[in-house]
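# Geometric and topological summary
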Amino acid sequence: MTESLLSLVLRYAFLAGLLLFVARVVRAVWADLDVRAVSAAAARMVFVVEHPESLRGREFLIGGDATIGRGPECAIMLPDGYVSLQHARVWLRAGRLWVQDLRSTNGTLLNGRRVRRRAPLRPGDRLQIGDAVLALRVEGAPGLHARTAGAAGGAGP
């Protein structure tokens, strides 16, 4: 009786693990194929600083490959002690905008979740790098509606 009960429990545990694995694979594939991802074809992509207050409203136009960090060579420079010299990278590939953490000390968050591998960006997504929060705004792309609030401010570097 004990062996058959143990066998039954192990079978269900294996099945649950298998279903969890399949669900994660489907989720990863779905994220890569998400049709809401930013299309660079007819869009102007801008990161708008939402936090900290001292940088609020500052805009950074994304035109291709850009590094985000504290270093002076970064296209998006964030003067914050919690930001690595070269913290994250955003780039356009196959008409989509992507982000990847560059093995930073404090990590990069995309909509509150840690970026562990390259991830596609969508209108309204928020990147948290150190204490800074950058919202992605997309202008001029048919069918894409950003969820970010419009922010005033000067153009970034």
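If you're wondering where the values come from, they're calculated on a predicted model, not measured in any experiment.

This part takes up the overall build of the protein. A tally of helices and strands in the protein yields one helix and eleven strands. In the protein, the succession of α and β elements from N to C terminus is α-β-β-β-β-β-β-β-β-β-β-β. Per-residue burial over the protein gives 38% buried out of 157 residues. Considering only residue pairs separated by 6 or more positions, the protein has 46% of its internal contacts joining residues 24 or more positions apart.

Now for the sheet that holds strand S10 (residues 126–129). Ordered in space as S2-S1-S11-S10-S7-S8, the six strands form an open sheet in which the pairing is antiparallel. Single-partner strands in this sheet number two, and they are strand S2 (59–62) and strand S8 (113–114).

Take the pattern of salt bridges next. According to the stated counting rule, one finds four salt bridges in the structure shown. One salt bridge connects Arg 89 with Asp 65, and the closest N-O pair in it is separated by 3.1 Å. Note that Arg 89 is positioned in strand S5 (residues 88–93) and Asp 65 in the loop between S2 and strand S3 (66–69), a separation of 24 residues in sequence. When its relative accessible area of 56% is taken as the criterion, Asp 65 is described as exposed. For Arg 137, the salt bridge identified is with Glu 139, shortest N-O distance 2.9 Å. For Glu 139, a relative accessible area of 27% puts it in the partly exposed group. Connected through salt bridges with shared partners, the residues Glu 59, Arg 137 and Glu 139 form a single ionic network.

Below, the discussion takes up the environment of Asp 131. Checked against the element boundaries, Asp 131 lands in the loop between S10 and strand S11 (132–139). When the C-alpha atoms of Asp 131 and Tyr 82 are compared, they prove to be 6.9 Å apart, with 49 residues separating the residues in sequence. Dropping the residues within four chain positions of it, Asp 131 is found in contact with His 51, Pro 52, Asp 80 and Tyr 82.

To continue, consider the confidence of the model for the protein. Looking at the protein, the pLDDT average stands at 83 and 80% of residues meet or exceed 70. By mean pLDDT, the top-scoring element of the protein is strand S7 (residues 108–110) (98), and the lowest-scoring one is helix H1 (residues 2–33) (87). Scored below 50 in pLDDT, residues 142–157 makes 40 contacts in the model with residues more than four places away or belonging to other chains.

This part covers the packing of aromatic side chains. Within this structure, the stated rule accounts for zero aromatic pairs. The ring of Trp 91 has Arg 89 sitting right over it, with the charged end atom 3.9 Å from the ring centre.

A separate point is the nonpolar core. Side chains of nonpolar character tend, in soluble globular proteins, to be buried together. Of all hydrophobic cores here, the largest spans 25 residues; its most connected members are Phe 47, Leu 78, Val 90, Leu 121 and Leu 127. Of all the secondary-structure elements, those providing two or more residues to this core are strand S1 (44–51), S2, S3, S5, strand S6 (96–101), S10 and S11. Considering each element in turn, this core owes the most residues, four residues, to S11. Setting aside its immediate chain neighbours within four residues, Val 90 contacts Phe 47, Ile 62, Gly 64, Asp 65, Ala 66, Ile 68, Leu 97, Trp 98, Val 99, Leu 121 and Leu 127.

Take the side chain of Glu 59 next. Locating Glu 59 in the fold gives a position in strand S2. At a separation of 2.8 Å, a polar atom in the side chain of Glu 59 contacts the side chain of Arg 137.

Cis geometry marks the peptide bond from His 51 to Pro 52; its omega dihedral reads 10°. Looking at where Pro 52 falls in the secondary structure, it is placed in the loop between S1 and S2. Positive phi is not limited to glycine here, since Arg 103 has a value of about 55°. Within the secondary structure, Arg 103 sits in the loop between S6 and S7. A relative accessible area of 80% places Arg 103 in the exposed class. The backbone of Asn 111 sits at a positive phi, close to 55°, despite the residue not being glycine.

Rules used throughout
- Residues numbered from 1 in each chain as written.
- Predicted model: local features only at pLDDT ≥ 70, side-chain atom pairs only at ≥ 80, totals over all residues.
- Heavy atoms only, no water.
- Helix = DSSP H or I, 4+ residues; strand = E, 2+ residues; numbered from the N terminus.
- Buried < 20%, exposed > 50% of the residue type's maximum accessible area, 1.4 Å probe, protein only.
- Contact = heavy atoms within 4.5 Å.
- Pairing = 2+ DSSP bridges.
- Salt bridge = Lys/Arg side-chain N within 4 Å of Asp/Glu carboxyl O.
- pLDDT = per-residue confidence, 0-100.
- Phe/Tyr/Trp six-rings, centres within 6.5 Å; stacked < 30°, edge-to-face > 60°.
- Lys NZ or Arg CZ within 6 Å of the ring centre and 35° of its normal.
- Core = buried A, V, L, I, M, F, W, Y, C linked by side-chain atoms within 4.5 Å.
- Polar contact = N/O pair within 3.5 Å; in protein donor to acceptor, adjacent residues only side chain to side chain.

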